[in-house]
Amino acid sequence: MSATKLQPLKVEAAEARLAALTLPEGAGWATEARKAALSRVAAMGLPHRRDEYWKYTDPASLVAAEAPKAALFHNDEGPLFDAIDRVKIVFVDGVFDAAASDDLTLTGVEIERLSDACTKDIHWAKDIYGVLEARNAQSKVDRPLAALNTAFAADGVVIRATGKASKPINLIYLHKSESSDAMLHHLVRVEVGADLTLLETGPAAARFSKVMEVDVADGGAFHHVRAQGRDHERRAVTGTYARLGKESTFKSFTMTFNGVLTRNETLVELTGDDAVAHVAGACVGDGKDFHHDDTVFVTHDAVNCESRQVFKKVLRNGATGVFQAKILVQPGAQKTDGYQISQSLLLDEDSQFLAKPELEIYADDVACSHGSTSGAIDEEALFYLRSRGVPVAEATDLLTLSFLGEALEEIEDERLAQDMLDRLSGWLSRRR
Amino acid sequence: MLQIKNLHVKLEEEDKQILKGVDLTVEAGKVHAIMGPNGSGKSTLSYVLSGKDGYEVTDGSATLEGVDLLEMEPEERAAAGLFLAFQYPVEIPGVGNMTFLRTAVNAQRKARGEEEISAADFLKLVRETAKTLKIDAEMLKRPVNVGFSGGEKKRNEILQMAMLAPKMCILDETDSGLDVDAMKLVADGVNALRNEGRGFLVITHYQRLLDHIKPDVVHIMANGRIVKTGGPELALEVENNGYADILSEVA
């Protein structure tokens, strides 16, 4: 289909979707940004499966005016990271639950609800709300679902770290209604030399849209560890838009269990010299009702920066995994060290992995590498384990954990890594 | 202990007969060695006994203490008491050596209806055993065989053998890739495990390993059959004269 024929369809879809939504009231300074985002959506239209950017993932159910229902998953496991001292901020189907949350106080950090922050005339968040999301510094790709979120997400948190946070903040996303259609928009600013760890856990909603804009100032460090919940029928489109200053650090890891459709976009711009960005993800999917898409763009726009992308997918019984990612090295971004690896472990012939890894380099003194592989369980290793008496199912699980190891190692905090590993072992032993 | 009768094996994928009627009995407490030129079927015999895919048994039988090995899955053979020390131990990144050992020991215990060993008892046992094999604690923490030298890998095989305490041990070219010191260390480990109830089948190209692990019986294998059986002196004969003399003698 030509672009001229496609565009009217996308605009039509946007009109249908917008008809069901109203801009949040009392949004203060955010109103302007919301209106701007709304006009961007109207102009871009909503994604269509013929869009190159959605080549491997059909966005229809994310675009539809009404969210498809999702049955609740009765998880017999306790909350993730429960033994770790953290500030819990709970959202139920996308709505902040003050009673279930801890006090929003933490040494070295200011935490507010988005709706409260918007009403303050002078606020740092004004400079990044909808701004990092819309920057589109590379590839000029339209991201209307993110713009839609900027326009309509009424809830979220606004976090500013001014020093070393004494403990992690955990955004907990509970899913309690089968027909919930939730949007959250978070803003994070890590000030000069500050250090923040943000955890996100839970299935969130039947359909979940989340945008997080992260601004890391010079020498700041942002650590992000996320686990997307077990509900099989849930859908999610999430976008993390980060801008990194000089000598700053951004490290993000996402573990995804189940989900009929998950699209995680991560866009990181290294704008200050000597910055470091690591983006990693692991997912485990079982069945034709699993589709997981990691879309990652890392832009090097400064000297001597390091970026690393490590993505691993375990797919079985007809599950689908997608990886499309790019390292873009802008002119002048010399001494760039870029690495990208995406691998899938296909446990049967019905599962599939679709990968589109890209490098685009406009500087001449850089070291960039990328690789993408799909493979089955290593028969030699499987026989080795079985010859030692380990039954085939248990041996397969061990080799699956072995495969995911390189991605899990991206979690720096050992307690978080151990909790995640336990949760993963639990998923494997429960068989979905 | 191990009884192999008229074993015929072909490759599953192609019409190629590898074993053409192997007869062999290893008694408890004895060490049997199999020597033979490349391609004689020595390694195939070890794989078929331990249950590797890719081979088809067309005739004959193999039993361990009267139990049919060939009908069992590899893990069942292991639980029944069979152990194969690999010629090329496999590297498994991301799985700790200790986790691997404990998983294996407990899986076998479970299969035999025994209680799992406690973490504390296991740790104590593995540390003691590792010490005798000069395996340092660091090697136990590392992922299975990843970054191990040739000698470390083979010592790790012997450590597994010691922890799993099998009835019947098959060593497939355990001397390959080892220098003299490493070979002696491995041989000492094996000798420490020799006892009246345990049988050994040592597969090797060279006599030198048999200087350290003294066999009771030596078999010469060629072209898929055992062509000659004798005492330790047979290994010396191979060392001095090569296989050609023996093979022409039995041809």
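Residues numbered from 1 in each chain as written. Chains lettered and ligands numbered in written order. Predicted model: local features only at pLDDT ≥ 70, side-chain atom pairs only at ≥ 80, totals over all residues. Heavy atoms only, no water.

Draft legend 1. Spatial organisation of the overall build of chain A. Secondary structure summary: chain A contains nine helices and 20 strands in total. Relative to the globule expectation of 22 Å for 432 residues, the C-alpha radius of gyration of chain A, 21 Å, shows essentially globular dimensions. Counting only C-alpha atoms, chain A reaches 70 × 50 × 50 Å along its principal axes. Sorting the 432 residues of chain A into buried and exposed places 60% on the buried side. (Helix = DSSP H or I, 4+ residues; strand = E, 2+ residues; numbered from the N terminus. Rg over C-alpha atoms; globule rule 2.2 N^0.38 Å. Buried < 20%, exposed > 50% of the residue type's maximum accessible area, 1.4 Å probe, protein only.)

Draft legend 2. A look at the nonpolar core. All names here are of chain A. With 115 residues, the main nonpolar core has Phe-253 and Met-420 as its most contacted residues. Broken down by element, this core gets its largest block of residues, eight residues, from helix H8 (residues 392–408). Residues contacting Phe-253, with those up to four places away along its chain left out, are His-224, Val-225, Arg-226, Ala-280, Gly-281, Ala-282, Ala-407, Leu-408, Ile-411 and Met-420. Residues Tyr-173, Phe-222, Val-268 and Ala-275 belong to the second largest nonpolar core, which totals 50 residues. (Core = buried A, V, L, I, M, F, W, Y, C linked by side-chain atoms within 4.5 Å. Contact = heavy atoms within 4.5 Å.)

Draft legend 3. Quick look at the pairing of strand E14 (residues 276–286) of chain A. Residue and element names in this part refer to chain A. With eleven of eleven residues buried, E14 lies mostly within the body of the structure. Of the two faces of E14, the one carrying Val-276, His-278, Ala-280, Ala-282, Val-284 and Asp-286 and the one carrying Ala-277, Val-279, Gly-281, Cys-283 and Gly-285 are both buried. Where strand E12 (residues 249–257) and E14 come together, nine bridges link them in parallel fashion. If you follow Ser-252 over to E14, its bridge partner there is Val-279. Taken together, the eleven bridges between E14 and strand E16 (residues 306–316) define a ladder with parallel strand orientation. (Pairing = 2+ DSSP bridges.)

Draft legend 4. Main features of the confidence of the model for chain B. Mean pLDDT over chain B: 91, with 100% of residues reaching 70 or higher. The complex model carries a pTM of 0.90, and its ipTM stands at 0.95. (pLDDT = per-residue confidence, 0-100.)

Draft legend 5. Layout of the interface of chain A and chain B. With 17 residues of chain A at the contact, the number on the chain B side is 29 residues. Both faces considered, chain A and chain B share a buried interface measuring about 1900 Å² in area, 65% of it formed by carbon and sulfur atoms. Contact with chain B buries surface across chain A, with Phe-383, Tyr-384 and Arg-388 of chain A losing the most and accounting together for 41% of the total. Where chain A packs against chain B, one counts four salt bridges. Glu-380 of chain A is the salt-bridge partner of Lys-52 of chain B, the closest N and O atoms lying 3.1 Å from each other. For the interface between chain A and chain B, the tally reads twelve residue pairs in polar contact (both at pLDDT 80 or more). Residue assignment for the side of chain A that touches chain B shows that the elements contributing at least two residues are helix H7 (379–387) and H8 of chain A. Of the residues in the side of chain A that touches chain B, the class split is nine nonpolar, three polar and five charged. (Buried area = accessible area lost by both parts, 1.4 Å probe. Salt bridge = Lys/Arg side-chain N within 4 Å of Asp/Glu carboxyl O. Polar contact = N/O pair within 3.5 Å; in protein donor to acceptor, adjacent residues only side chain to side chain. Nonpolar A, V, L, I, M, F, W, Y, C, P; charged D, E, K, R; others polar.)

Draft legend 6. Representation of the sheet that holds strand E2 (residues 17–26) of chain B within the structure. Residue and element names in this part refer to chain B. Read from one edge to the other, the open sheet built from four strands follows the order E2-E1-E4-E5, with strand pairing classed as antiparallel. Strands at the two margins of the open sheet, each flanked by one partner only, are E2 and strand E5 (67–68). In this fold helix H1 (residues 42–50) packs onto strand E1 (2–11), E2 and strand E4 (55–64), with an angle of close to 105° to the strand it touches most, E1. (Axes fitted to C-alpha atoms, helices over the stretch in contact; angles between N-to-C directions.)

Draft legend 7. Spotlight on the packing of helix H6 (residues 150–164) of chain B against helix H7 (residues 180–193) of chain B. Residue and element names in this part refer to chain B. Between H6 and H7, the least distance of the axes is 9 Å, while the angle of their chain directions is 5°. On the basis of their axis angle, the class for H6 and H7 is roughly parallel. Residues Gly-151, Lys-154, Arg-155, Ile-158, Met-161 and Ala-162 of H6 form the contact with H7, whose own contacting residues are Ala-182, Leu-185, Val-186, Gly-189, Val-190 and Leu-193. The residue inventory of the contact of H6 with H7, partitioned by class, reads eight nonpolar, two polar and two charged. (Parallel < 35°, antiparallel > 145°, perpendicular 65-115°, else oblique.)

Draft legend 8. Inspection of the pairing of strand E9 (residues 207–216) of chain A at higher detail. Residues and elements named next belong to chain A. For E9, the buried fraction is high: ten of the ten residues fall into the buried class. Note: strand E7 (residues 181–190) against E9, ten bridges, orientation parallel. Bridging from a neighbouring strand, Ala-182 pairs with Phe-208 of E9. Judged from the ten bridges that link them, E9 and strand E11 (residues 235–244) form a sheet pairing that is parallel. Within E11, the position partnered with Ser-209 by the bridge is Val-237.

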